[in-house]
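Reading the structure
One letter stands for each residue in the lines below.
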Amino acid sequence: MPERATASHAGSPSKTPLASLSSHYAPGQERPLGSYAILTGAYTTGLAGGLIALRARRHQLPERPTTGDLLLVGIATHKLSRLLAKDKVTSFIRAPFTRYQESSGQGEVEEEPYGHGLHLAVGELLVCPYCLAQWVATALTLGLIGAPRLTRLISSVFLAHTISDFLQVAYRAAEDKL
C-alpha cells in the first residue's frame, strides 16, 4: 500500500516528502505534520532536558508516584490545561495564534487557530486542553521531583480551584431549581 501512495506523488517532484505525506494524509486540508513534528521534538527535548537537569542536581527519581501525588497532579493538570486553553483571562497567551469565536460560559471562550505551518500547529495546541495536558502533566511531574513542596503547593491551588468550580456549578443548578 505505501508503494501506491508513493507512486501517486511520483509525478510531482516539487512536493517535499512531508508535503506529499500531508496531502495524502488529509486531502484538501492543511495538516501541518512537519510542524507537529517540531512541537513533538520541542516536548521531547524539554522532557529530556528536565530529566538531565534533575540528574545533574542529584535528584532521585521515585520508584513510583504516590496515589496522592497522581490525584493531585491529575486534577491540577486538568484545571491548568483548561485555564490555558479556554479561560478568557488567559486569551492574551493564545491571541497571537487564534481568533476569538464566542463566549462559551463559565469564563471560557471558544477560539479558532489560524495561520499556516508552525503558527497553526501552535494555535491548535493552545486551544486544546487535552493536548496541553501532556505538557502540563510533564512539568508538574518533573516539579514533584525537583521542587516537591512548591509543586504540591501550586497543584493544591488548582485542585482547590477545580473543587470550587464543581461547587459553583452545583450551587447554580440548585438556584435554577428554586
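Residues numbered from 1 in each chain as written. Predicted model: local features only at pLDDT ≥ 70, side-chain atom pairs only at ≥ 80, totals over all residues. Heavy atoms only, no water.

**Observations regarding the pairing of strand β2 (residues 108-113)**
- The pairing of strand β1 (residues 98-105) with β2 spans 6 bridges and is antiparallel. What sits directly across from Tyr-100, in β2, is Glu-111.
- Here β1 folds back onto β2, and the loop between the two strands holds 2 residues, one of which, Gln-106, carries a positive phi near 50 degrees. (Pairing = 2+ DSSP bridges. Helix = DSSP H or I, 4+ residues; strand = E, 2+ residues; numbered from the N terminus.)

**Some words on the state of the cysteines**
- This model, assessed by the stated rule, comprises 1 disulfide.
- Paired through a disulfide, Cys-128 and Cys-131 show a sulfur-sulfur distance of 2.4 Å. With the S-S dihedral at roughly 70 degrees, the linkage between Cys-128 and Cys-131 falls on the right-handed side.
- Given the relative accessible area of 17%, Cys-128 is considered buried. (Disulfide = S-S within 2.5 Å. Buried < 20%, exposed > 50% of the residue type's maximum accessible area, 1.4 Å probe, protein only.)

**Considerations on the confidence of the model for the protein chain**
- On average, the protein chain scores 90 in pLDDT, and the residues at 70 or more come to 92%.
- Looking across the protein chain, the model is least confident in helix α1 (residues 2-8), with a mean pLDDT of 39, and most confident in helix α4 (residues 67-86), with 98.
- Of the regions scoring below 50 in pLDDT, residues 1-12 engages in 4 contacts with residues more than four places distant in sequence or in other chains. (pLDDT = per-residue confidence, 0-100. Contact = heavy atoms within 4.5 Å.)

**Looking at the layout of surface pockets**
- By volume, the largest pocket is sized at about 360 Å³.
- Lining the largest pocket are 16 residues, and of these Lys-79, Gln-106, Glu-108, Asp-165 and Val-169 sit closest to its centre.
- Listing elements by their share of the lining of the largest pocket, those giving two or more residues are α4, β1 and α8 (148-177).
- Residue contributions to the lining of the largest pocket peak at 6 residues, all from α8.
- For the lining of the largest pocket, the residue count by class is 3 nonpolar, 8 polar and 5 charged. (1 Å grid on protein atoms, 1.4 Å probe; cavity = no way out; pocket = protein on both sides within 12 Å on 5 of 7 lines; lining within 4 Å. Points joined across faces, edges and corners; volume = space filled by probe spheres on them. Nonpolar A, V, L, I, M, F, W, Y, C, P; charged D, E, K, R; others polar.)

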